[in-house]
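# Architecture and fold: a report
Residue strings, one per chain:
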Amino acid sequence: MYLTIDLHSHSSASDGSLSPTELVTLAHRLGVRTLALTDHDELNGLAEAAGAARLVGMELVSGVEISVSWERQTIHIVGLGIDPESEALQQGLVRLRQFRHWRAEEMGRRLDKQQIGGIYERAARLAQGRIISRTHFAMALVERGYAKQVGEVFRHFLRAGKPGHVAGEWAELSEAVGWIRAAGGVAVVAHPARYSLSRAKLCRLFEAFIDAGGEAIEVVSGSQSAEDAARLAPLALKYRLYASAGSDFHSEDRPWHLLGRLPPLPNTLQPVWQLLELDSASAG
Ligand code: AMP
Ligand code: MN
Ligand code: MN
Ligand code: MN
């Protein structure tokens, strides 16, 4: 059986390809009963998603995925059940979007210097005035024939040490968790297995996260394997962290598209949805 709850997804308010309404409609069609929309550093898809969810009779959890710099690495912290009207959260995200904008221009300048011209302009056009992410650069580079697929672009152009890479200056870990808590939400470390951290460093991350007031980690994620989940489960138990599950859906053509197809959490763990005030007990 698949989970009927999915606590991590993206719309075109950040780097997803579907509008909030299209995302909610697709998720509903695929059997999701409770969905969190967690766009990168952006809340403005939430109102539309909530309206669409009401229409189809699905429960929408207001969420966000905040970009954090921690020990010179980029870490993503998901906030669930946040109040989108929270001043502290909104102001924090404004700063991150300003950095995103500058970073995108800087990425464009660095690619220009490598004779890869016009990519910023195309990426900005693809982002349509909403937040601009490396995903938009990847799409632009594929379109121009610099790579066959998006994954290849990240390897050759957008990772640390590559021509289009600009180091992140995102939120501090404690700031991001603080904004989420100020907005009444629960903070979750997104896809912990994706950062390629040693076990010792992952433990340090969890300790710093708990000190800041964080409560959960994603154990099941569309961007993690079953082995990753098995490796994270004992850490969730050790640190008494709640466990979350989310597809991290962006578009139907990404290889890891698990919308409506998430496996259950290991049954030794406390699901994070126990902390959320859900209408439906859709723990399925
Ligand atoms: P940004 O927040 O602008 O740095 O962009 C990060 C986004 O790029 C992530 O949220 C993913 O959606 C996407 N991404 C990162 N690495 C890859 C990859 N190897 N293949 C495809 N998409 C990726
Ligand atoms: Mn993304
Ligand atoms: Mn992420
Ligand atoms: Mn995500």
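As the structure is a prediction and not an experimental result, all values here were calculated from the model.

### Considerations on the layout of surface pockets
Roughly 1,600 Å³ of volume is contained in the largest pocket. Broken down by secondary-structure element, the contributors of at least two residues to the lining of the largest pocket are strand 3 (59-70), strand 4 (73-80), helix 3 (87-113), helix 4 (119-127), helix 5 (134-143) and helix 6 (150-158). It is helix 6 that provides the largest number of residues to the lining of the largest pocket, a total of 5 residues. The residue makeup of the lining of the largest pocket, split by class, is 13 nonpolar, 23 polar and 13 charged. Approximately 300 Å³ is the volume attributed to the second largest pocket. Taken together, 19 residues make up the lining of the second largest pocket; nearest its centre are Leu60, Val61, Ser62, Gly81 and Glu277. Listing elements by their share of the lining of the second largest pocket, those giving two or more residues are helix 2 (46-56) and strand 3. Looking at the lining of the second largest pocket, its residues break down into 12 nonpolar, 4 polar and 3 charged.

### Some words on the coordination of the manganese ion (ligand 2)
Around the manganese ion (ligand 2), the protein contributes the donor atoms Asp15 (OD), His40 (NE2) and His250 (NE2), which lie 2.2 Å from the metal centre. Going along the chain, you hit the donors of the manganese ion (ligand 2) in the pattern D-x24-H-x209-H. A spacing of 5.6 Å is found between the manganese ion (ligand 2) and the manganese ion (ligand 3). Taken together, the residues Asp15 in the loop between strand 1 (5-6) and helix 1 (20-29) and His40 in the loop between strand 2 (34-37) and helix 2 connect sequence positions 25 residues apart. In terms of burial, Asp15 and His40 fall into one category: buried.

### A look at the pattern of salt bridges
Scanning the entire structure with this criterion turns up 11 salt bridges. Measuring nitrogen to oxygen at the nearest pair gives 3.9 Å for the salt bridge that ties Arg181 to Glu215. One end of the pair, Arg181, is in helix 7 (residues 173-182); the other, Glu215, is in the loop between helix 8 (199-211) and strand 6 (216-221), and 34 residues separate them in sequence. Through salt bridges with shared partners, one network takes in Glu71, Lys201 and Arg204.

### Side note on the site of ligand 1
Around ligand 1, the surrounding shell consists of Asp15, His40, Arg100, Arg103, Ser133, Arg134, Thr135, Val150, Gly151, Phe154, His250 and Arg254. Interatomic distance of 3.0 Å between a side-chain N/O atom of Asp15 and an oxygen atom of ligand 1. Take Arg134: an N or O atom from its side chain is 2.7 Å from an oxygen atom of ligand 1. Looking at the shell around ligand 1, the elements with two or more residues in it are helix 3, helix 5 and helix 6. Looking at the shell around ligand 1, its residues break down into 2 nonpolar, 5 polar and 5 charged.

### Observations concerning helix 6
Buried within helix 6 we find Val153, Phe154, Phe157 and Leu158. Summarising the axial view, the buried residues of helix 6 lie within an arc of 110 degrees, below the 170-degree limit, and thus occupy one face. The inward-facing, buried residues of helix 6 contact helix 3 and helix 5.

### Observations regarding the pairing of strand 3
With 11 of 12 residues buried, strand 3 lies mostly within the body of the structure. Sheet topology note: the strand 2/strand 3 ladder contains 4 bridges and is parallel. Bridging from a neighbouring strand, Leu35 pairs with Leu60 of strand 3. The pairing of strand 3 with strand 4 spans 8 bridges and is antiparallel.

### Quick word on the coordination of the manganese ion (ligand 4)
Within the protein, His8 (NE2), His10 (NE2), Glu65 (OE) and Asp248 (OD) serve as the donor atoms for the manganese ion (ligand 4), at 2.1 to 2.2 Å. Along the chain, the residues donating to the manganese ion (ligand 4) are arranged with the sequence spacing H-x1-H-x54-E-x182-D.

### What to know about the nonpolar core
For soluble globular proteins, the rule of thumb is that nonpolar side chains tend to be buried together. Ranked by internal contacts, the top residues of the largest apolar core, which has 75 residues, are Ile66, Ile77 and Phe206. In terms of residue count, the dominant contributor to this core is strand 3 (6 residues). In this structure Ile77 touches Val64, Glu65, Ile66, Val68, Leu173, Val177, Ile180, Ala187, Val188, Val189 and Phe209, once residues within four positions along its chain are discounted.

### Description of the confidence of the model for the chain
Averaged over all residues, the pLDDT of the chain equals 96, while 99% of them reach at least 70. Least confident of the elements in the chain is helix 6, whose mean pLDDT is 92; most confident is strand 5 (residues 186-189), at 99.

### Comments concerning the packing of aromatic side chains
Under the defined criterion, the tally for this structure stands at 4 aromatic pairs. For the pair Tyr146 and Phe157, a centre-to-centre distance of 6.2 Å together with 75 degrees between the ring planes defines the contact as edge-to-face. Of this pair, Tyr146 sits in the loop between helix 5 and helix 6 while Phe157 sits in helix 6, and the two are 11 residues apart along the sequence. Overall, Tyr146 belongs to the partly exposed group, its relative accessible area being 36%.

Cut-off values and rules
- Within any chain, residue numbers begin from 1 and follow the written order of that chain's sequence.
- All chains are assigned letters beginning at A, and all ligands numbers beginning at 1, according to the order in which they are written.
- Totals for whole chains, interfaces and linings use all residues, but because this is a predicted model, local features are given only for residues with pLDDT of at least 70 and pairs of side-chain atoms are given and counted only at 80 or more.
- Side-chain calculation: all heavy atoms of the structure are included, whereas hydrogens and water are not.
- Grid spacing is 1 Å over the protein atoms alone, the probe is 1.4 Å, and a cavity is where that probe fits but cannot get out, while a pocket is an open set with protein on both sides within 12 Å along at least five of seven lines and lining residues have an atom within 4 Å of a point.
- Grid points are joined across faces, edges and corners, and a volume is the space filled by probe spheres set on the points.
- Only DSSP runs of H or I covering at least 4 residues are called helices, and only runs of E covering at least 2 are called strands; the numbering of each starts at the N terminus.
- Residue polarity follows a fixed list, in which Ala, Val, Leu, Ile, Met, Phe, Trp, Tyr, Cys and Pro are nonpolar, Asp, Glu, Lys and Arg are charged, and the others, Gly among them, are polar.
- Water is absent from the atoms considered, so a metal site may look incomplete; donors are defined as N, O and S atoms within 2.8 Å of the metal, or 3.2 Å for Na, K and Ca.
- Buried means the residue's accessible area, taken with a 1.4 Å probe over protein chains only, is under 20% of the maximum for its type, while exposed means over 50%, and partly exposed covers the values in between.
- Put simply, a salt bridge is a Lys or Arg side-chain nitrogen that is within 4 Å of an Asp or Glu carboxyl oxygen.
- Nearness is defined per residue: one heavy atom within 4 Å of the molecule or strand is enough.
- Any N or O atom pair separated by 3.5 Å or less is treated as a polar contact, with the protein-specific requirement of one donor-capable and one acceptor-capable atom, and with residues adjacent in sequence counted only for side-chain atom pairs.
- Arc, as used here, means the arc of the directions from the helix axis to the C-beta atoms.
- Contacts: residue pairs with any heavy atoms within 4.5 Å of one another.
- Strands pair, by our definition, only if DSSP identifies at least two bridges between them.
- Among buried residues, those of type Ala, Val, Leu, Ile, Met, Phe, Trp, Tyr and Cys that are joined through side-chain atoms within 4.5 Å constitute a nonpolar core.
- A score from 0 to 100, pLDDT tells how confident the predictor is in each residue.
- Only the six-membered ring of Trp is used, alongside the rings of Phe and Tyr, when aromatic pairs are assigned; centres must lie within 6.5 Å, and planes under 30 degrees apart are stacked while those over 60 apart are edge-to-face, with the rest tilted.

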